[in-house]
Structures are given as structure tokens and as C-alpha cells.
Amino acid sequence: MSQIRQTYYSEQARNEAYAEILDGVTGKRRIVLECIIKNYPVSDSTISRLTGIPVHLVCARRYELWGKEKDPVTNKYEINKELQLIEFAGYDESVSPRQTLWKPVIKTLQTTLF
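Rules and cut-offs
Residues numbered from 1 in each chain as written. Predicted model: local features only at pLDDT ≥ 70, side-chain atom pairs only at ≥ 80, totals over all residues. Heavy atoms only, no water. Salt bridge = Lys/Arg side-chain N within 4 Å of Asp/Glu carboxyl O. Helix = DSSP H or I, 4+ residues; strand = E, 2+ residues; numbered from the N terminus. Buried < 20%, exposed > 50% of the residue type's maximum accessible area, 1.4 Å probe, protein only. Phe/Tyr/Trp six-rings, centres within 6.5 Å; stacked < 30°, edge-to-face > 60°. Lys NZ or Arg CZ within 6 Å of the ring centre and 35° of its normal.

**Observations concerning the pattern of salt bridges**
Reasoning step 1: By the definition in use, this model includes 6 salt bridges.
Reasoning step 2: The partner of R62 in a salt bridge is D44, and the shortest N-O contact between them spans 2.8 Å. Remark: D44 occurs in helix α3 (residues 44-51) and R62 occurs in helix α4 (residues 55-66); sequence separation between them is 18 residues. Both residues of the pair, R62 and D44, count as buried.
Reasoning step 3: Between R61 and E64 there is a salt bridge; the shortest N-O distance is 3.1 Å.

**Regarding the packing of aromatic side chains**
Reasoning step 1: Applying the stated rule across the entire model yields 3 aromatic pairs.
Reasoning step 2: Ring plane angle 45 degrees and centroid distance 5.9 Å describe the contact between Y63 and W66, whose orientation is recorded as tilted. Note that Y63 and W66 are positioned in helix α4 at a spacing of 3 residues, about one turn of the helix.
Reasoning step 3: Under the relative-accessibility criterion, Y63 is labelled partly exposed at 37%.
Reasoning step 4: Seen in terms of ring centroids, W66 and W102 are 4.8 Å apart; in terms of plane orientation they differ by 65 degrees. Their pairing is edge-to-face. Remark: W102 occurs in strand β5 (residues 99-104) and W66 occurs in helix α4; sequence separation between them is 36 residues. Like W102, W66 is buried.
Reasoning step 5: The structure contains a cluster of three or more aromatic residues connected by ring pairs, namely Y63, W66 and W102.
Reasoning step 6: Here R62 stacks its cationic end above the ring of Y63, 4.8 Å away from the centre of that ring.
Reasoning step 7: Over the aromatic face of Y91 sits the side chain of R98, whose NZ or CZ is 3.7 Å from the ring centroid.

On their own, these measurements won't tell you what the molecule is for.
Have a look at this one:
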């Protein structure tokens, strides 16, 4: 009799959370988000190389996934936590100039037992 891996259920929960997030995203944003989910932490240039989408379009889609929007009152860009699907994951110091890395955000989901 084979045993279930210790991490099996947590991996299933993670996969379900990612699937739920992807349901609301379409077009190039979905392609960029899928690339970030599969390869995180990942930079804009790496996303561009892996997906074939030009860097300037990757950056624009990443800003949308990051939830960055202009506040009409202060006229400054701020991150809207409700729209945020990715977050800062550090810097890649092995290249010059250093590149910002991104990772997906898993929001706390309300679980239903029945």
C-alpha cells in the first residue's frame, strides 16, 4: 500500500488557490501571471524571454497584476491590496543592473466544510 506524500494536501490547496486566481485573469495578464506562478521568483526580462511577450508589455501587465493604480485624491500611485495578485520577491544581484523579482500572492480563502 502506498502512502500519500506529506505535502500532498498542501500542494492541492495551493493548486486550487492558483486556479481560482487564474479564473479572473485573461489575455496577456494571464500569460504573465502563469509564468510568475510556474517560475517564481522571476524578473520582467525572464518573463519576456519565457513567454515571448516584449518587455514593455510584460511591465505593463505586471503593474496591473501588482494592483498599482493612481489614487485620484493624492494623484500618486499606490498598491490596491484587493487587486494585488503578485508581490515583490527581492532582487537578482547576479546581473547588472540588478533586476526586481516577483512572486504570486496567495490570498487567504474562506474555506467551506459543507
